Amino acid sequence: MIKISVSVLSKNDDETIRKLNEVEFDYFHIDVMDGKFVKEINFPLSRIEQINKIANKPLDVHLMVDDIDFYIDNLSSFNIEYLTIHYEVFNGNIELLKKIKKKGIKCGLSVKPITDIKETFNLLDNIDLILIMSVEPGYGGQEFMPSSLEKIRILKGEIKRRNLKTIISVDGGINKENAKLCLDSGADMLVTGSYVVMSENYQVAIDSLKFNN
Ligand code: DX5
Ligand code: ZN
């Protein structure tokens with residue numbers, strides 16, 4: 001069954017988190033931005049700590065930051081299922097991936113729309129999740145880029161061929177129209193932000209991604 005990770009980038013007040021606690025999905029997706037890797041600054045450690053206290057599901061943390069080490073050190077005590085760093089920042093430093101795993105957290109690698117997915121193939125053995133960005137990182141509410149579907153297909157082919165367990169997550173502009181295309185291309189997890197948190201009924205919106213296929 002497809003996993004759903006709800007991004008609270010567009011709406012992250014306590015009331016929204018509590019409302020989401022009442023709804024069935026898998027992870028809270030937290031988009032950490034440092035004003036360097038992306039222009040925006042979001043989710044200071046103090047806010048992530050609060051969300052970690054309130055949320056009744058594990059966190060799926062997406063680090064859009066330059067100083068990966070700092071965040072691994074400061075987030076590792078939280079209830080995090082996946083800690084994902086950007087391929088474009090980590091500079092081939094496999095130690096960072098190992099460091100995440102040593103903390104007992106599953107590690108993910110995220111790729112920007114411009115990055116050739118084949119560049120990540122030699123890293124697939126070291127990661128639990130690969131996050132395909134289907135928008136430019138930085139903002140919620142952008143439009144899904146259809147070019148990400150081909151990336152998912154190529155990646156899925158490689159993962160199957162090598163019989164790996166790495167799961168594919170897709171992040172950005174997900175809605176009920178493109179969810180099926182992502183699943184058919186080989187996605188195992190969908191990150192969904194504004195489509196859910198701006199909707200009237202969170203559960204209906206989430207279920208439309210899973211069952212409206
Ligand atoms: C963009 C973020 C996404 C985004 C998803 O930088 O990584 O997680 O918040 O939100 P929507 O679904 O609104 O694109
Ligand atoms: Zn994200």
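As a reminder, the structure under discussion sits directly above these lines.
Nothing here was measured: the structure is a model prediction, and the numbers come from that model.

The rules behind the values
Throughout, residues of each chain are indexed from 1 in the direction in which the sequence is written. For naming, the first written chain is A and the first written ligand is 1, with later ones following in the order written. Two thresholds apply to this predicted model, a pLDDT of at least 70 for residue-level local features and 80 or more for giving and counting side-chain atom pairs, whereas whole-chain, interface and lining totals are computed over all residues. The side-chain numbers reported here are obtained from all heavy atoms of the structure, hydrogens and water having been left aside. A pair of aromatic rings is counted whenever rings of Phe, Tyr or Trp (Trp by its six-membered ring) have centres within 6.5 Å, and the orientation is called stacked for planes under 30 degrees apart, edge-to-face for over 60 and tilted otherwise. Exposure categories follow from relative accessible area, calculated using a 1.4 Å probe and restricted to protein chains: below 20% of the type maximum is buried, above 50% is exposed, and the middle band is partly exposed. Strands are runs of DSSP state E lasting at least 2 residues, helices are runs of H or I lasting at least 4, and numbering of each runs from the N terminus. Consider the ring centre and the ring normal. A charge sits over the ring if Lys NZ or Arg CZ is within 6 Å of that centre and within 35 degrees of that normal. To get an axis, a line is fitted to the C-alpha atoms, and for a helix only the part in contact is used. The angle between two axes follows their N-to-C directions and goes from 0 to 180 degrees. Every angle not falling under 35 degrees, over 145, or within 65 to 115 is termed oblique; those three ranges are roughly parallel, roughly antiparallel and roughly perpendicular. For any pair of crossing helices, the crossing counts as left-handed if the nearer helix is rotated counterclockwise from the farther one by less than a right angle, and right-handed if it is rotated clockwise. Throughout, a residue-residue contact means that at least one pair of heavy atoms, one from each residue, lies within 4.5 Å. The nonpolar class holds Ala, Val, Leu, Ile, Met, Phe, Trp, Tyr, Cys and Pro. Asp, Glu, Lys and Arg form the charged class, and all remaining residues, Gly among them, are polar. In protein, a polar contact means a hydrogen-donor-capable atom and an acceptor-capable atom, both N or O and within 3.5 Å, with residues adjacent in sequence counting only if both atoms are side-chain atoms; elsewhere, any N or O pair within 3.5 Å suffices. In summary, the charge assignment counts Lys and Arg as positive and Asp and Glu as negative, without counting His or the chain termini. When a carboxyl oxygen of Asp or Glu lies within 4 Å of a side-chain nitrogen of Lys or Arg, that pair is called a salt bridge. A donor here means an N, O or S atom no more than 2.8 Å from the metal, or no more than 3.2 Å when the metal is Na, K or Ca. Since water is not included, a site may seem to lack partners. Irregular is the default label, applied whenever a site is not tetrahedral (four donors, all angles between 85 and 135 degrees) and neither square planar nor octahedral (four or six donors, opposite donors over 155 degrees apart, all other angles between 65 and 115). Summary of the distance rule: residues count as near a molecule or strand when at least one heavy atom falls within 4 Å of that molecule or strand. The protein chains shown are the only cover counted for residues, whose accessible areas, like all others here, come from Shrake-Rupley with a 1.4 Å probe.

Enquirer: Looking at this structure, how should I read the packing of aromatic side chains?
Expert: All told, the structure shown has four aromatic pairs when counted by the stated rule. Between phenylalanine 70 and tyrosine 71, the aromatic rings sit 5.1 Å apart at their centres with planes inclined by 85°, giving edge-to-face as the arrangement. On the basis of relative accessibility, which here comes to 37%, the residue phenylalanine 70 falls in the partly exposed class. On the accessibility criterion, tyrosine 71 (13% relative accessible area) is buried. Ring geometry for tyrosine 87 against phenylalanine 90: centres 6.1 Å apart, planes inclined by 45°, an arrangement best described as tilted. Separated by three residues within a single helix, tyrosine 87 and phenylalanine 90 lie in helix H4 (residues 87–90), roughly one turn from each other. Judged on exposure class, the residue tyrosine 87 and its partner phenylalanine 90 are both buried. Stacked on the ring of tyrosine 202, the Lys or Arg lysine 19 has its end atom at 4.4 Å from the ring centre. One residue, lysine 57, lies across the ring of phenylalanine 25, its end atom 4.4 Å from the ring centre.

Enquirer: Explanation requested: the packing of helix H1 (residues 14–21) against helix H2 (residues 45–54) in the structure shown.
Expert: When two helices pack together, their arrangement is captured by the angle between the axes and the distance separating the axes. One way to put it is that H1 packs onto H2 with a least axis distance of 10 Å and a crossing angle of 30°. As summarised for this structure, H1 and H2 are arranged roughly parallel, according to the angle between their axes. At the point where H1 passes H2, the crossing takes the right-handed sense. Judged by residue contacts, Asp14, Ile17, Arg18 and Asn21 of H1 engage Arg47, Ile51 and Ile54 from H2. Classifying every residue of the contact of H1 with H2 gives three nonpolar, one polar and three charged.

Enquirer: Help me understand helix H9 (residues 202–211), please; the structure alone is not making it clear to me.
Expert: Because each turn of an α-helix spans 3.6 residues, side chains separated by three or four positions in sequence point in the same direction. All of the buried residues in H9 are Tyr202, Ala205, Ile206, Ser208, Leu209 and Lys210. At its buried positions, H9 is contacted by strand E1 (3–7), H1, helix H7 (176–185), strand E9 (189–192) and helix H8 (194–197). Backbone nitrogen of glutamine 203 and a side-chain oxygen of the N-cap are separated by 3.1 Å at the start of H9; the cap is asparagine 201.

Enquirer: I keep staring at the side chain of aspartate 34 and nothing clicks. Help me out?
Expert: Inspection of the secondary structure puts aspartate 34 in strand E2 (residues 27–34). Buried charge without a salt bridge: aspartate 34, with lysine 36 as the nearest opposite-charge side chain at an N-O distance of 5.1 Å. Only 2.9 Å separates the side chain of aspartate 34 from the backbone nitrogen of phenylalanine 37, close enough to count as a polar contact. At a separation of 2.7 Å, a polar atom in the side chain of aspartate 34 contacts the main-chain amide nitrogen of aspartate 66. The residues contacting aspartate 34, other than those within four sequence positions of it, are Glu40, Ile41, Met64, Val65, Asp66, Asp67 and Tyr71.

Enquirer: Looking at this structure, I do not really get the coordination of the zinc ion (ligand 2). What am I missing?
Expert: Ideal coordination angles are 109.5 degrees for a metal with four donors arranged tetrahedrally and 90 or 180 degrees for a metal with six donors arranged octahedrally. Here the zinc ion (ligand 2) is held by the protein donor atoms His29 (NE2), Asp31 (OD), His62 (ND1) and Asp171 (OD), which lie 2.0 to 2.3 Å from it. Taken together, the six donor atoms coordinating the zinc ion (ligand 2) and their angles of 72 to 169° define a geometry best described as octahedral. Each donor residue of the zinc ion (ligand 2) belongs to the same chain, with the gaps between them written as H-x1-D-x30-H-x108-D. Placement of aspartate 31 in strand E2 and of aspartate 171 in strand E8 (residues 167–171) is noted, with a sequence separation of 140 residues between them.

Enquirer: Before we go on, may I ask you to explain the site of ligand 1 in this structure?
Expert: Contacts to ligand 1 come from 20 residues, most closely from Gly138, Gly141, Asp171, Gly193 and Ser194. Contact between ligand 1 and glycine 141: an oxygen atom at 2.8 Å from a main-chain N or O atom of the residue. One of the backbone N or O atoms of glycine 173 is found 2.8 Å from an oxygen atom in ligand 1. Surface burial for ligand 1 is 100%, taken as the share of its 380 Å² of free accessible area covered by protein chains. Going through the elements one at a time, E2, strand E4 (59–64) and E9 are the ones with two or more residues in the shell around ligand 1. For the shell around ligand 1, the leading source of residues is E2, giving three residues. Split by residue class, the shell around ligand 1 holds seven nonpolar, 11 polar and two charged.

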